[in-house]
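Coordinate inspection notes
Given next are the chains, with one letter for each unit.
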Amino acid sequence: MSKGNVLVTGGAGFIGSHTAVELVAAGYRPVVVDNLANSNRDVLKRMAAIVGEPVAFHEVDCTDAEALEGVFQTEGPFVGAIHFAAYKAVGESVERPTAYFLNNIGSTAVLLDALTAHGVRRLVFSSSCTVYGEPETTRVDETAPIRTAESPYGYTKQACERLITDHHTAHPALNATLLRYFNPIGAHPSAQIGELPIGRPNNLIPFLTQAVAGLREPLTVFGDDYPTPDGTCIRDYIHVVDLARAHVAALERAPEGVSVYNLGTGNGASVKEVIDAFERATGKAVPHAMGPRRAGDVVAIYADASKAWRELGWKTERSLEEALADAWRWQEAVTR
Ligand code: UD1
């Protein structure tokens, strides 16, 4: 017996595809909506290979209210929705702010109206620790102030959180959970699905695995003169499968109203520690060189995720080494 249909916008993307898989494991029927702007149709087949059944899919742009309405007509009713669909490249958002505002904020507005029109009672939103900007403390909990966004991308996450909260005030029947991710990495252990960056990766792990695979020049470590124990920046890297499971927990256990959770491991790792952990986990050397700092980088930030542990009963279960081993297995699968 299915626990019900869950609308998953952006469900062909990195975090969305892993979440759809975990929804099936938890007894739900995900309905994936994606415009394939940063993903491809093959992902649906690969998801089906993991879960052993086809995954419902509609090639729909969430800013298209009419097309989205069609999905509600054919696939509803929904017990909940998880909204991943968005552009997510910080640098690109600086080049194309209008595209980011229209797509990220516009799709959220269209979705909110559709959810309310159809009486859906639960929305889970894909947000980011980027809403905290340069934090005052390195360990950040949900009460940390929202600071002026560093990029149009970051602003759209803040704006969507605000929009969802304002919508709840006007339409309290729609409960919402805002999930602020730290740094999602890794891939499904089956190596069927993972991160598929288009072109040159900006993020550390996809660049690192492509460098190890010989597809890129050696990794540049962006700065080793930061005020951290080994001089390199510290982040909280969370395995994408742990992150995906948090969405299921939020769907099932988040309180009524609007709730906010940080999702991370609670542990910081420096860039040098990531390189060492990768080498331990895979036995592969990481070709790398020290380089200058990257503009806009926060020195050190990691999650206080204890609220999610307490209220959602969710905890990360996978280590940094496991995440890196899975990221490498995925890199090998796509290189082949
Ligand atoms: C970035 C975004 C963030 C977004 C997240 C996930 C910025 C300021 N932040 O986070 O909003 O949610 O990606 O997509 O862009 N590093 C290297 N060499 C590299 C690449 C990265 O040393 O080639 C270092 C960086 O300096 C940083 C760490 O690795 O210390 C992680 O970088 P990255 O993966 O880009 O993530 P964030 O910058 O934390």
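Coordinates for the structure precede this section.
What you see is a predicted model; the values in this text were computed from it and never measured. All residue numbers refer to position in the chain's written sequence, counted from 1. Totals for whole chains, interfaces and linings use every residue, but because this is a predicted model, local features are given only for residues with pLDDT of at least 70 and side-chain atom pairs only at 80 or more, for both listing and counting. To obtain the side-chain values, all non-hydrogen atoms of the structure were used and water was disregarded.

**With respect to the overall build of the protein chain**
Formally: Strands here are runs of E lasting at least two residues and helices are runs of H or I lasting at least four, both read from the DSSP assignment and numbered beginning at the N terminus. For the radius of gyration, the atoms used are the C-alpha atoms, and the globule rule reads 2.2 Å times the number of residues raised to 0.38. Buried means the residue's accessible area, taken with a 1.4 Å probe over protein chains only, is under 20% of the maximum for its type, while exposed means over 50%, and partly exposed covers the values in between. Contacts were defined at the residue level, with two residues in contact if any of their heavy atoms lie within 4.5 Å. Residue burial considers only the protein chains on display, and all accessible areas are found by Shrake-Rupley using a 1.4 Å probe.
Helix and strand content of the protein chain: 11 helices and 15 strands. Computed over the C-alpha atoms, the radius of gyration of the protein chain is 19 Å, within 12% of the 20 Å expected from 2.2 N^0.38 for a compact globule of 336 residues. Seen through its principal axes, the protein chain has C-alpha atoms that stretch 55 × 45 × 40 Å. Within the protein chain, buried positions represent 54% of all 336 residues. Once local pairs closer than 6 in sequence are excluded, the contacts in the protein chain between residues at least 24 apart make up 80%. Carbon and sulfur atoms form 51% of the exposed surface of the protein chain, whose accessible area is close to 14400 Å².

**Let's talk about the sheet that holds strand 7 (residues 175-181)**
To keep things clear, this is the line we draw: Think of it this way: DSSP has to see at least two bridges between two strands before they count as a pair. For helices, the fitted axis covers only the stretch in contact; all axes are lines through C-alpha atoms, and the angles between them, taken along N-to-C directions, range from 0 to 180 degrees.
Within the open sheet, the seven strands sit side by side as 3-2-1-4-5-7-12. Their pairing is parallel. Each edge of the sheet is formed by a strand with only one pairing partner; in this case those strands are strand 3 (56-59) and strand 12 (258-263). Pairwise comparison of adjacent strand axes, ignoring direction, gives a mean angle of 20 degrees for this sheet. Across five bridges, the pairing between strand 1 (residues 5-9) and strand 4 (residues 78-83) is parallel. Counterpart to T9 in the pairing with strand 4 is H83.

**Concerning unusual backbone geometry**
In this structure, the amide linkage connecting G76 to the following residue, P77, adopts the cis form with an omega of -5 degrees. When you line up the elements, P77 lands in the loop between helix 3 (65-75) and strand 4. Positive phi, normally seen in glycine, also occurs at A191, with a value near 60 degrees. If you trace the backbone, A191 turns up in the loop between strand 8 (183-185) and helix 7 (204-212).

**Some thoughts on the site of the ligand**
Let me state the cut-off plainly: Summary of the distance rule: residues count as near a molecule or strand when at least one heavy atom falls within 4 Å of that molecule or strand. Each polar contact in these results corresponds to two N or O atoms within 3.5 Å; when the atoms are within protein, one needs to be able to donate a hydrogen and the other to accept it, and residues that are neighboring in sequence are counted only if both atoms are side-chain atoms. When residues are grouped by polarity, Ala, Val, Leu, Ile, Met, Phe, Trp, Tyr, Cys and Pro land in nonpolar, Asp, Glu, Lys and Arg in charged, and all others, Gly among them, in polar.
Neighbouring the ligand are 18 residues; L204, T220, R235, R294 and D297 lie closest to it. The side chain of S128 places a nitrogen or oxygen atom 3.4 Å from an oxygen atom of the ligand. One nitrogen or oxygen atom from the side chain of N203 is found 3.0 Å from an oxygen atom belonging to the ligand. Broken down by element, the shell around the ligand gets its largest block of residues, four residues, from strand 9 (residues 219-222). Of the residues assigned to the shell around the ligand, the class counts are nine nonpolar, six polar and three charged.

**Section: the packing of aromatic side chains**
Convention followed: Classification of ring pairs uses Phe, Tyr and Trp, with its six-membered ring standing for Trp, and accepts pairs whose centres are within 6.5 Å; under 30 degrees between planes counts as stacked, over 60 as edge-to-face, and the remaining range as tilted. Only when the NZ atom of a Lys or the CZ atom of an Arg is both within 6 Å of the ring centre and within 35 degrees of the ring normal do we say a charge sits over the ring.
In total, this model carries four aromatic pairs according to the counting rule given. Ring geometry for F72 against F78: centres 5.2 Å apart, planes inclined by 80 degrees, an arrangement best described as edge-to-face. The burial state of F72 is the same as that of F78; both residues are buried. For the pair Y87 and Y100, a centre-to-centre distance of 5.3 Å together with 55 degrees between the ring planes defines the contact as tilted. Placement of Y87 in the loop between strand 4 and helix 4 (90-95) and of Y100 in helix 5 (residues 97-117) is noted, with a sequence separation of 13 residues between them. Judged by its relative accessible area of 24%, Y87 is partly exposed. Y100 sits in the buried class, given a relative accessible area of 0%. The ring of Y226 has R293 sitting right over it, with the charged end atom 4.0 Å from the ring centre.

**Some details on the state of the cysteines**
Selection rule: The definition used for a disulfide is geometric: two cysteine sulfur atoms within 2.5 Å.
Applying the stated criterion across every chain, the model contains zero disulfides. Of all cysteine sulfurs, the one in C160 lies closest to C62, which takes part in no disulfide; the gap is 12 Å. Here C129 is not disulfide-linked; the sulfur of C233 is the nearest cysteine sulfur, at 13 Å.

**Thoughts on the environment of H288**
Here H288 shows up in strand 14 (residues 288-291). Judged by relative accessible area, which is 36%, H288 ranks as partly exposed. Dropping the residues within four chain positions of it, H288 is found in contact with P218, L219, V221 and I275.

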